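# Descriptive structure summary
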Amino acid sequence: MKKILITGGAGFIGSHVVRLFVTKYPNYHIFNLDALTYAGNLENIKDIESADNYTFVKGDIKDIPFINSLFAEHQFDGVIHLAAESHVDRSITNPNAFIETNVLGTANLLNAFRDSCNHNFEGKLFYHVSTDEVYGSLGKTGLFTETTPYDPQSPYAASKAASDHFVRAYGNTYKLPFVISNCSNNYGANQFPEKLIPLFINNIKNSKSLPVYGDGQYTRDWLFVEDHATAIDLIFHKGKVTETYNIGGFNEWTNLDLIHLLCKQLDEKLGNIKGTSEKLITFVKDRAGHDRRYAIDATKLNKELGWKPSVTFEEGLSKTIDWYLENEDWLKSVTSGAYKEYYEKMYG
Ligand code: NAD
Ligand code: DAU
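Here's what I pulled together on the structure shown here. (Residues numbered from 1 in each chain as written. Chains lettered and ligands numbered in written order. Predicted model: local features only at pLDDT ≥ 70, side-chain atom pairs only at ≥ 80, totals over all residues. Heavy atoms only, no water.)

## A word on unusual backbone geometry
With phi around 45°, Gln-75 is a residue other than glycine that occupies positive phi space. With respect to the helices and strands, Gln-75 occurs in the loop between helix H2 (64-74) and strand S4 (78-81). Classification of Gln-75 by relative accessible area gives partly exposed; the value is 37%. Despite not being glycine, Lys-175 has its phi angle at roughly 65°, a positive value. (Helix = DSSP H or I, 4+ residues; strand = E, 2+ residues; numbered from the N terminus. Buried < 20%, exposed > 50% of the residue type's maximum accessible area, 1.4 Å probe, protein only.)

## Structural notes on the site of ligand 2
Within the structure, ligand 2 sits among 25 residues, and Thr-131, Asp-132, Tyr-156, Arg-287 and Tyr-347 are positioned closest to it. Take Glu-133: an N or O atom from its side chain is 2.8 Å from an oxygen atom of ligand 2. For ligand 2, an oxygen atom lies 2.8 Å from a polar atom in the side chain of Asn-185. Burial of ligand 2 by the protein chains amounts to 95% of its free accessible area of 690 Å². Taken together, the residues that form the shell around ligand 2 break down as 12 nonpolar, seven polar and six charged. (Near = heavy atom within 4 Å. Polar contact = N/O pair within 3.5 Å; in protein donor to acceptor, adjacent residues only side chain to side chain. Areas by Shrake-Rupley, 256 points an atom, 1.4 Å probe, with all protein chains shown as cover. Nonpolar A, V, L, I, M, F, W, Y, C, P; charged D, E, K, R; others polar.)

## Quick word on the environment of Thr-7
Inspection of the secondary structure assignment puts Thr-7 in strand S1 (residues 2-7). Overall, Thr-7 belongs to the buried group, its relative accessible area being 0%. Once the C-alpha coordinates of Thr-7 and Val-79 are considered, the two residues, 72 residues apart in sequence, prove to be 7.7 Å apart. Non-local contacts of Thr-7, meaning those with residues more than four positions away in its chain, are made with Leu-33, Ile-80, His-81, Leu-82, Ala-83 and Leu-109. (Contact = heavy atoms within 4.5 Å.)

As C-alpha cells, this is what we get:
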C-alpha cells in the first residue's frame, strides 16, 4: 500500500483533495498532516474520518524534529503539499507568519522527504501546490503561462514564489522528483469566510455591508475547488516530473461583475426582492499593492493531460451558495470567536 502525505488537508482545497484520494484510491493510505490553524477544520473532512485508509496527524510543518521523525517513521511514497498561510490581507498585516510557514515550512518538508528517501527516489514524488499570484499582475490583455517570469507583489505571493524556487532547487541539486502546479482563485464549499465569495455570502445572509476594495474592477480567474482537486489528481499520477502545470478556470470576472451575479443568485435563493443584496455594496479603501488582473492559460494541462473544468461559473457558484445556506452550523462555528476580532480589525 502506497503511503501518501497530504499537508493542509483540513483546509479548504486540501479537504477536497483528501476526500478525493481517500475515496478514489483504497490502495493508498492517506496521511493528512495539518496544524489546525484558524483556517483548518476537521469538520471539513468529517465524512471520511473513519475510512480504513486514512489517518489524521495534527502537527506543524514549522516543527523540524516532529517533521523529521514523521517522515523517518513512514517513508512516504508521495507528498502533496498544500499547507500554507493563504490569505493576502493577512500577509500584509503579518508577513513573517507567511515566511515561516510557506518558505521555511516547505523547506522542512523537502529536507525530511530527501533524507527519508536516502537519495533513492525511485517511485517517489513531491507535489507542491502553488498559486498564479507568483506571476504578479497582468495588464488588460495576456495570460499567465508556465514560462511567465515570476514577479510576486504581495508578501503572500513572495512566500509562495520562494517556496516554488526551493522545490525546483531541490529537484536540480538533489534530484528530488517534483511537480508544481500554479492555480487561479478557487471557490466552493468549506472556504473560510475571509476570502471574497464566502465573506460576501455570509454578509448578505446577515444583511451586512459588502466591502468592495478600490473601484471593484480587479479581475480574477475563478475555478470550482472540486475541479482543482481533479487536476491535482491527474498531475500527481500523469504529470511529468520536474514540470509545472498552470490550472485555471478559463473564467475571468471583475470583482464587481462577480458580486452582482452573487447578489442576484442569493436574492433568488433567499426569496428577496430583486436588488436587495446589491444595496449592501460599499466601496472601501483598496488593498495595499492590489494586483489588478490574474488570468491563467491552462492549455498545457488541457492538451497534455486532457483536463478541463466540469462546471460553468454560474453552476459552481449556485452549488457553493447552496452549500453555505445548508451548512449554517459550519458557518456559525467558524465566524465566532477569533473571526469577530479579525473582522473588526479588517473592516472596522
Ligand atoms: P486554507 O488557508 O484554507 O488552508 C490551509 C491549511 O493549512 C489549513 O488547514 C491550515 O490549518 C493548514 N496549515 C497552515 N499552516 C500550517 C502549518 N504551519 N503546519 C501545518 N498545517 C498548516 O488554504 P487553501 O485556500 O485551501 O489553500 C491551500 C493551498 O493552495 C495553499 O498552498 C495555497 O497557497 C494554494 N492555493 C490556493 C488558492 C485559493 O484560491 N484558495 C489558489 C491557488 C493555490
Ligand atoms: O489567485 C490565487 C489566489 O487567490 C490564492 O493563491 C490565494 O490563496 C487566494 O486567497 C486568492 O487570492 P485573492 O487575493 O485573489 O482572493 P480574495 O478572495 O482575498 O480576493 C479576491 C478579490 O476580491 C481581490 O481582488 C480582492 C477583492 N476583495 C477581497 C475581499 C476579501 C474585496 O474587494 N473585498 C474583500 O473584502
